[in-house]
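# Structure at a glance
For reference, the chains in residue letters:
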Amino acid sequence: MTNLQFLSITLNDYRQYKGEQKIDLQIRNDRHINVIEGQNGAGKSNILNSITLCFYGTEEHLKDEKEGGLETFPLVNRDRLEELDEDETAKGYVEIELGENEPEYVFKREFTTVKTSSGFSSTIGDLRLQRRVNRDWKPVDNPHTYLNEILPTRVHEYFLFDGERLHEFFEEGYPERVQTAILDVSHIELLNRSLDHLEKMDTEIGRKASNFEGEAKRLKNQLDEKKQEREQKKERKQELEANIAEAESKITGIDNKLRDSSDAAVREKQERRKYLNDRLDQLEDEIDNLKEETTEEMVQAAPIIYNLKALEYTHEQFAELAQTGQLPPKIQDWFVQELLEKGECICGANLDSDEKKRQHLAELEQEMSLVMQENLEGKAEIPRIIDDGQDSLRRIIENRRKISERQTELDNVDVELRDISNELKNYDLPEDVDVSSLESQRSEIEDRITEMSQEIGRVDQQIETLTEKIDDLDEEWRDEAAKEDKHRRLMKKLDFVEEASEEISEIKQTILAQIRENTEENMNQYFNDLIWKDEDYTVELGENYTVSVYGKHGDNKIGSLSAGEKQVLALSFMSALTKISGFNAPIVIDTPLGRISSKPKKRIAQNLPTYLKDTQITFLMTDEEYTDDVRARLQNSVANEYQLEYLNEVTEVKKV
Amino acid sequence: MNKSDVNSLILEHVDKIENDNKRQFINEILTFERSKMDREQPHFKDEYDELIEKYMSDPE
């Protein structure tokens, strides 16, 4: 294993952990898992907290009630503080050794608690780092730079997380979280930054070019104006998109209120509407896919269909020629072969003494065999081409039938949705939420969304037209500027920057599609492996980062998954992320099986380690999670196993 | 993959760029950006300018 791992974590007087307690976590060979088991309140989550405290100066996994009231514990161990008088302080620290196989970095953060008349007050010190250079350890001035290379703040939540809260990942507004996770973990940000910086360099170089004179200057000014105009259009588009997102979130809020109505009929209609909206999305996707397939089919079939008459005529001609013996050609290649073997041409020339004539005949033989082969192939190919064309035509007709069928269903869904809306608008339930008013607001918002979407379409069109104009002007300006020698170097620099930008943009588009595809494929496999139901699911990751989980009837279950199912989906997603990750950090999961019942626990224990086999994983588990079954399934992968023994508010880490 | 490396998924695509100068230039700016990942708005103009000057001068 060459990935970074936590080699050890040392807790010194940190919360429940009294004195210095070093937890060795080094993994070896195939054993890449650590298990730290403890009852609720024993301090499992504080091991996760100790890591985030050391690295980022914050404890992010507070479980006040369950963990025995963390808020009541000061940072420094309470027993230690008991020994203090008022206004005296005590210090503690967390130290983490990181490396591939031996320590390369030692991160350390101290904290101080002061005993006051009213209780305790804690402060957190700065992050410190010792780095090994050859055999020596040297303090590092900028520890955050190193930490950010290993596990930046914005990414750490995908590596250090609380399994029990994972289900929240797929709650409302999750597409943004999915998108952020994918973009953050995959280093797409590096491409974005490079593009942004190259654009700024392009502007800077362009500014120097504004000093040109004459026609070049006029064209440059015109170009800049158009670019500015396009920028304004792009800003308008972003504004509209943000407004649409806000409007959609308002609709979700209204939907939630309607779903909570005391009237069963309103709740039912709301449920029906949810189903219909999902179906509408699905039908739109299906129609788009069918249209795309049809277009591809038409592109392939068009040349055959347009040339069908010519192909049929050629085929008839071939048949006729074959019948009259003209095909294959009258001069048979065996006849020429015989002449070559005899060494005498039909004209009487001696082929043994006349090399030129022999060569001529040999070439003729070669050519004739080729002609014959082409004729024979042609005869066989043409019917096949005609058949292919007819097959394509049949598929196009079938697709058009399917499109029309789905369009009819879509129209019906649309009508039913309008009916539901009209019925809700006429509801009068004095004791309930104001259904009628909510529905009217909902309709207004939907209308606004439609208007804004249409405006986005128009703005897109304007951006496209402006881009064409900008491209033309840019070319004209460059031609004009390049006429003068003194401008050549500047223009070359500009060209280089723009070409590099284009390359990076292309890479970004390709890699975004690849990353989405990889994530979808892995999520689909992991979810089906881990989920406890026998049904087969299809997990899809849409272009806008929505996740769909289709059951056997093609219904999207993402909105109705239970907390346990959502946790499995999130675990699948987190595991899929490691496959596209640009970071090779270790993973720590607190209560990984918290919301999972017995049967899936075994499946997860068996499968999850294999998905992440190149990564060190540390599980912080309760005894309810780390059952005999789970232990048996993990045993061949476990490198270190610890038990947290909690007594009189003090926890000791015992190696098992 | 080293802790300071750019994601190999990205580098695989960069390696496919045929023009040596452009490929090396993009590799270098990505490495530069990776090293500045912790900064919200890193200073980049001098470094970029130097790299552009270095790699734009391919033989004509």
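I will try to describe carefully the structure that is included in this document.

Turning our attention to the interface of chain B and chain A. Quoted interface sizes are often the accessible area lost when the parts come together. Across the contact, 38 residues belong to chain B and 40 residues belong to chain A. Carbon and sulfur atoms make up 64% of the area that chain B and chain A hide from each other, which totals about 3,700 Å². In this structure, lysine 22 of chain B and glutamate 499 of chain A form a salt bridge, with 2.6 Å as the shortest nitrogen-oxygen distance. The interface formed by chain B and chain A holds 12 residue pairs in polar contact (both at pLDDT 80 or more) in total. Those elements that provide at least two residues to the side of chain B that touches chain A are helix H1 (8-14), helix H2 (20-35) and helix H3 (45-56) of chain B. At 9 residues, the largest contribution of residues to the side of chain B that touches chain A is made by H2 of chain B. When the residues that make up the side of chain B that touches chain A are grouped by side-chain class, the tally is 17 nonpolar, 7 polar and 14 charged.

With that settled, the discussion passes to unusual backbone geometry. Residues and elements named next belong to chain A. Although it is not a glycine, asparagine 134 adopts a positive phi angle of roughly 55°. Mapped onto the elements, asparagine 134 comes out in the loop between strand S6 (120-133) and strand S7 (136-139). Classification of asparagine 134 by relative accessible area gives exposed; the value is 70%. Phi at asparagine 648 is positive, roughly 50°, even though this residue is not glycine.

With that settled, the discussion passes to the packing of H2 of chain B against H3 of chain B. Residue and element names in this part refer to chain B. Axis separation between H2 and H3 bottoms out at 10 Å; the angle between their running directions is 165°. The angle between H2 and H3 places the two elements in the roughly antiparallel class. Our pair here, H2 against H3, has a crossing hand that is right-handed. Along its contact with H2, which presents Asn21, Gln24, Phe25, Glu28, Ile29, Phe32 and Glu33, the element H3 presents Glu47, Tyr48, Leu51, Ile52, Lys54 and Tyr55. Here the contact of H2 with H3 is composed, by residue class, of 7 nonpolar, 2 polar and 4 charged.

Cut-off values and rules
Residues numbered from 1 in each chain as written. Chains lettered and ligands numbered in written order. Predicted model: local features only at pLDDT ≥ 70, side-chain atom pairs only at ≥ 80, totals over all residues. Heavy atoms only, no water. Contact = heavy atoms within 4.5 Å. Buried area = accessible area lost by both parts, 1.4 Å probe. Salt bridge = Lys/Arg side-chain N within 4 Å of Asp/Glu carboxyl O. Polar contact = N/O pair within 3.5 Å; in protein donor to acceptor, adjacent residues only side chain to side chain. Helix = DSSP H or I, 4+ residues; strand = E, 2+ residues; numbered from the N terminus. Nonpolar A, V, L, I, M, F, W, Y, C, P; charged D, E, K, R; others polar. Buried < 20%, exposed > 50% of the residue type's maximum accessible area, 1.4 Å probe, protein only. Axes fitted to C-alpha atoms, helices over the stretch in contact; angles between N-to-C directions. Parallel < 35°, antiparallel > 145°, perpendicular 65-115°, else oblique. Left-handed = near helix turned anticlockwise from the far one by under 90°.

Interpretation in functional terms is not warranted from these geometric data alone.
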